[in-house]
Amino acid sequence: MLGLNFRDRSLFFIVIALTVLAPFILNPFPSESSLAQFNAGYPDLMQRFVIFGIFAIGFNILFGLTGYLSFGHAAFLGVGSYAAVWVFKLFTYNVLPAIILAVAVAGLFSLLIGYVSLRRSGIYFSILTLAFAQMSFALAYSVLSNPKFNLTNGETGLQVYADDPQWLHRDSLPDLPHLFGLSMRSNYQLDIGAWTFNFNVGYYLCVVIMLIVFYIAIRLFRSPFGMMLRAIKSNQQRLNYTGLNSRPYTLAAFVISGMYAGLAGGLMAAMDPLAGAERMQWTASGEVVLMVILGGAGTLIGPILGAGFIKYFENIFSKINDQILHQWFAFLPDGLEDFLVFIIHPFIGKGWHLTLGILFMLVVIFLPGGLVEGGQRLGKLFGRRKKTEDAAKDAANTPAE
Amino acid sequence: MGILEVKGVNKRFGGLQALGDVNLSVKENTVHAIIGPNGAGKSTLLNCLVGKLIPDTGSVMFDGQSVLGCKPHQINQMGISRVFQTPEIFSDLTVLENIMIPCFAKRDGSFRLHAFESFAQEKDILEKAEAILEDVNMADKRHMHSASMSRGDKRRLEMAMCLVQEPRLLLLDEPTAGMARADTNNTIDLLKQINDQRDITMCIIEHDMHVVFSLADRITVLAQGRPLVEDAPENIKGNPKVQEAYLGEVAA
Ligand SMILES: Nc1ncnc2c1ncn2[C@@H]1O[C@H](COP(=O)(O)OP(=O)(O)OP(=O)(O)O)[C@@H](O)[C@H]1O
Ligand SMILES: [Mg+2]
């Protein structure tokens, strides 16, 4: 079914279940409880999980399969956002054409950058992509934003103004991004006892799109093309001496991953109609690298896990402050309480990057295969335990002869 | 005119003359052995044939076409496959995948975007790959990770990867090095069988004289980058120049 084998199909269905039920899964704590700050079931955070999931899935097609490490993919995401906002400004708030154009523009842009960068491999390739991305950032931040020709609106960021033409806009349609009239912001709030759950149109649009592109990624991983990409990572020389030209293969992977990034950028603009140059900065490019490595490069589910993990920690840890810590440790003697808060302070709030850095180091050192490897090890551990139990049972059942 | 014509090839590495005025003519459907002591320039010569190195001077013609300046994948698509001295395989892939890649290269050319096809649709490729695995006695290892195999198995795998492409010219750089005696004999049988059944010309570098004399129709002896003699096997054994340069060294 779906052209997937049993394992991939199961994985796909698990991802469907997790994303569709995310409003419940991410809000396990009653909304008034002190643990409510660990809830992540807010529309805008859930949207970000899924959008960065798409970004990471695409990045993994390039990095996970071919091993080419791009440090410039945020440029494609940024270009996608700008393209989408321009559609909003000129034509309509309907997100469909905006998203399609975002993907197309990012695809063209990545074809250009990939064509040049892929002339080299290894560290030189990474540096070239980084240089291109920083150039794009500079263009967006200042060069392409002057009174005569204002493509990006510089520091302020590109947004939709009341005097923008919006030629296809009609008064009956919402004055915000929508899908054929259904506003991305419309939200249904479900209260069950002390719990609150949010069901948001924008989130579910992102989910549907992510599931489609995740399915495409699975098919691609399992296709002959995916095998060729893995062969490039494994031994590019052999591939060339086997009669295959590795350049178009890597370029195709580069453009596909660039289109995924553009899609993520377009969706970002669809959820919140503005685009800023900071989306293209090298830190944003680095973040997707972290996501994929943390989750497990070259695995199917890894990038989604990594994206969710990083975005969750970014939001939750950065929200914790000293006051909250004092509440938690209130049961301890005063001196000890202050001491603990003092120790933990650098790792929370603005210091969450420090926490992330430490987590990242631990994962890379102890779980080179990322969170997926962690999961597999746990699985094996339980598997073995079960096996030994079974063996013990068998031994007990076999009568001595 | 041979299928492969090497004329006046020179290659220097800094001060070292690795190849000096090498001429070589390999006739179609023959097995041509190149022998010579370590460092004679044998591998360097093969590197010049497959596009890994470009000779400083001279010409290399395959089937009337110059290969100089062609990219490795273009040369392979012309019909030249090579087995390397140290096994070059896709070690992160399974044995079957290793074999399927050259099958795709043979059928689809140097690039095809088959991103949404599945292997289930590629019956012909799978059958071809399975058949060659039977031929080299590796069918039971088809789902093995190729990195975890013995050196001898890696070699046989690499040879199978080249054979499955049915090249017109097969270049073998010490194909039996690191193999047990039994495996060596199997390899000889396999190469003989292939030479009989298909129109494959082979150019083989080998230190094992048993392999050379069981397979070769012609032998070229290379010493210090220069071709010493080229002759039929029975004449090579008795040639005093060769004994001095090569066989003498082995006998000593
Ligand atoms: N890329 C290179 N750069 C510099 N020197 C090289 C290079 N390749 C080979 N050489 C030198 O050229 C000479 C010939 O090397 P080559 O590998 O062709 O020998 P060979 O006949 O294959 O020997 P063996 O039987 O040990 O494989 C050697 O002295 C080697 O050190
Ligand atoms: Mg050699």
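Residues numbered from 1 in each chain as written. Chains lettered and ligands numbered in written order. Predicted model: local features only at pLDDT ≥ 70, side-chain atom pairs only at ≥ 80, totals over all residues. Heavy atoms only, no water.

A. Seen up close, the overall build of chain A. If you tally the helices and strands in chain A, you get 15 helices and 6 strands. Against the compact-globule benchmark of 21 Å for 401 residues, chain A has a radius of gyration of 24 Å, which places it among compact chains. The principal-axis extent of the C-alpha atoms belonging to chain A is close to 90 × 65 × 45 Å. Relative to its full complement of 401 residues, chain A shows a buried share of 51%. In chain A, the proportion of contacts linking residues at least 24 apart, taken out of those at least 6 apart, comes to 72%. Here chain A has roughly 19,000 Å² of accessible surface; of this, 68% comes from carbon and sulfur atoms. (Helix = DSSP H or I, 4+ residues; strand = E, 2+ residues; numbered from the N terminus. Rg over C-alpha atoms; globule rule 2.2 N^0.38 Å. Buried < 20%, exposed > 50% of the residue type's maximum accessible area, 1.4 Å probe, protein only. Contact = heavy atoms within 4.5 Å. Areas by Shrake-Rupley, 256 points an atom, 1.4 Å probe, with all protein chains shown as cover.)

B. Structural view of the domain arrangement of chain B. All names here are of chain B. Here the domain parsing of chain B yields domain 1 (1-79 + 169-252) and domain 2 (88-166). In this structure, domain 1 and domain 2 have C-alpha centres spaced 26 Å apart. Across the boundary between the two partners, domain 1 contributes 20 residues, which contact 15 residues of domain 2. It is Gln 77, Leu 190 and Arg 198 that lose the most area in domain 1 upon contact with domain 2, and together they represent 31% of the buried surface on that side. (Domains from an automatic or database assignment. Buried area = accessible area lost by both parts, 1.4 Å probe.)

C. A look at the site of ligand 1. All names here are of chain B. Among the 13 residues in the neighbourhood of ligand 1, the closest are listed as Asn 38, Lys 42, Ser 43, Thr 44 and Gln 85. Here Asn 38 contributes a side-chain N or O atom positioned 2.8 Å from an oxygen atom of ligand 1. Lys 42 is positioned such that a nitrogen or oxygen atom in its side chain is 2.8 Å from an oxygen atom of ligand 1. When ligand 1 is considered free in solution it has 630 Å² of accessible area, and contact with the protein chains removes 61% of it. (Near = heavy atom within 4 Å. Polar contact = N/O pair within 3.5 Å; in protein donor to acceptor, adjacent residues only side chain to side chain.)

D. Focus on the coordination of the magnesium ion (ligand 2). All names here are of chain B. The coordination sphere of the magnesium ion (ligand 2) contains the protein donors Ser 43 (OG) and Gln 85 (OE1), at a distance range of 1.9 to 2.1 Å. Of this pair, Ser 43 sits in helix α1 (residues 42-50) while Gln 85 sits in the loop between β6 (80-83) and α3 (95-108), and the two are 42 residues apart along the sequence. For Ser 43, a relative accessible area of 21% puts it in the partly exposed group. When its relative accessible area of 34% is taken as the criterion, Gln 85 is described as partly exposed. (Donors = N, O, S within 2.8 Å, 3.2 Å for Na, K, Ca; no water.)

E. Representation of the sheet that holds strand β3 (residues 31-35) of chain B. Residues and elements named next belong to chain B. One open sheet accounts for 6 strands, arranged β6-β7-β8-β3-β9-β10; its pairing is mixed. Among the strands making up the open sheet, the edge pair consists of β6 and β10 (226-231). The sheet shows a mean angle of 15° between the axes of neighbouring strands, direction not considered. Pairing geometry for β3 and strand β8 (residues 201-205), over 4 bridges, is parallel. Each bridged residue has a counterpart across the sheet, and for Val 31 the counterpart in β8 is Met 202. Taken strand by strand, helix α5 (residues 151-163) contacts β6 and β7 (169-173), and its axis lies near 180° from that of β6. Of the strands in this sheet, β3, β7 and β8 are in contact with helix α6 (residues 181-197), which crosses β8 at around 155°. (Pairing = 2+ DSSP bridges. Axes fitted to C-alpha atoms, helices over the stretch in contact; angles between N-to-C directions.)

F. Spotlight on the sheet that holds strand β1 (residues 4-13) of chain B. Residue and element names in this part refer to chain B. Strand order in this open sheet of 4 strands is β2-β1-β4-β5, and the pairing throughout is antiparallel. Of all strands in the sheet, those with a lone pairing partner are β2 (16-26) and β5 (65-66), marking the two edges. In terms of strand pairing, β1 meets strand β4 (residues 57-62) through 5 bridges, oriented antiparallel. Within the sheet, the bridge partner assigned to Asn 10 lies in β4 and is Thr 57. In this fold α1 packs onto β1, β2 and β4, with an angle of close to 65° to the strand it touches most, β2.

G. Up close: the nonpolar core. Core analysis: the biggest nonpolar cluster contains 150 residues, and Ile 54 and Leu 267 of chain A together with Ile 99 and Ile 101 of chain B have the highest contact counts within it. Looking at which element gives the most residues to this core, the answer is helix α9 (residues 246-271) of chain A, with 16 residues. When residues are assigned to domains, this core turns out to be shared by domain 1 (1-79 + 169-252) and domain 2 (88-166) of chain B, each giving three or more. Apart from residues no more than four positions distant in its own chain, Ile 99 of chain B is found in contact with Ala 129, Ile 132, Leu 133, Leu 157, Ala 160, Met 161 and Val 164 of chain B. If you look at the next biggest cluster of nonpolar residues, it comprises 28 residues, including Val 6, Leu 24, Leu 169 and Leu 171 of chain B. (Core = buried A, V, L, I, M, F, W, Y, C linked by side-chain atoms within 4.5 Å.)

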